[in-house]
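# Geometric and topological summary
Residue strings, one per chain:
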Amino acid sequence: QDACDKKHGSDPREKRNTRAPKNNMAVGKNKRLSKGKKGKGKKAVDPFTKKDWYDIKAPSVFQTRNVGKTLVTRSSGMRVATDFLKGRIVGANLADLN
């Protein structure tokens, strides 16, 4: 029997199968994961409903003061609409201003 024991796993260097069986999957739903918000989420909002028109005016040197109009997102909280107007560059023809 000593020879038989040596052949069948008494060697500590031999690798043993310590993995769990592969067919141990849970059956049914995982209730914790499936619970969540039911609904459509955010409604699609037209971005132009949140914008205001501002007049672009030329200096008083010119006869025509109104150069045009521009769109700006409305003020909300700390975001002020006039801050978004600053730094915009408008091209105007001199013939249109006189």
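Residues numbered from 1 in each chain as written. Predicted model: local features only at pLDDT ≥ 70, side-chain atom pairs only at ≥ 80, totals over all residues. Heavy atoms only, no water.

## Section: the overall build of the protein chain
Of the regular secondary structure elements, the protein chain holds 4 helices and 2 strands. Put simply, the protein chain runs from its N terminus to its C terminus through helices and strands in the order α-α-β-β-α-α. Here the protein chain, with 98 residues, has 5% of them falling under the buried criterion. In the protein chain, the proportion of contacts linking residues at least 24 apart, taken out of those at least 6 apart, comes to 25%. Just so you have it, the protein chain exposes about 10,200 Å², and 53% of that area is on carbon and sulfur atoms. (Helix = DSSP H or I, 4+ residues; strand = E, 2+ residues; numbered from the N terminus. Buried < 20%, exposed > 50% of the residue type's maximum accessible area, 1.4 Å probe, protein only. Contact = heavy atoms within 4.5 Å. Areas by Shrake-Rupley, 256 points an atom, 1.4 Å probe, with all protein chains shown as cover.)

## Concerning the pattern of salt bridges
The full count for this structure, using the stated rule, is 3 salt bridges. As a salt-bridge pair, K69 and D55 come within 2.7 Å of each other at their nearest N and O atoms. Of this pair, K69 sits in strand β2 (residues 66-73) while D55 sits in strand β1 (residues 51-57), and the two are 14 residues apart along the sequence. In this structure K69 comes out as exposed when scored by relative accessible area, which is 55%. Given the relative accessible area of 44%, D55 is considered partly exposed. (Salt bridge = Lys/Arg side-chain N within 4 Å of Asp/Glu carboxyl O.)

## Let's talk about the environment of L71
With respect to the element layout, L71 can be found in strand β2. L71 sits in the partly exposed class, given a relative accessible area of 23%. When the C-alpha positions of L71 and D52 are compared, they lie 5.7 Å apart, and in sequence the two are 19 residues distant. Not counting the four nearest positions on each side in its chain, L71 is found in contact with F48, K51, D52, W53 and R88.

## Some remarks on the side chain of T70
Note that T70 resides in strand β2. A polar atom in the side chain of T70 sits 2.7 Å from the side chain of R88. (Polar contact = N/O pair within 3.5 Å; in protein donor to acceptor, adjacent residues only side chain to side chain.)

## Regarding the environment of F84
If you trace the backbone, F84 turns up in helix α3 (residues 81-85). Expressed as a C-alpha distance, the spacing of F84 and L71, which sit 13 residues apart in the sequence, is 10.0 Å. Ignoring any residue separated from it by four or fewer positions in sequence, one finds F84 in contact with V72 and R79.

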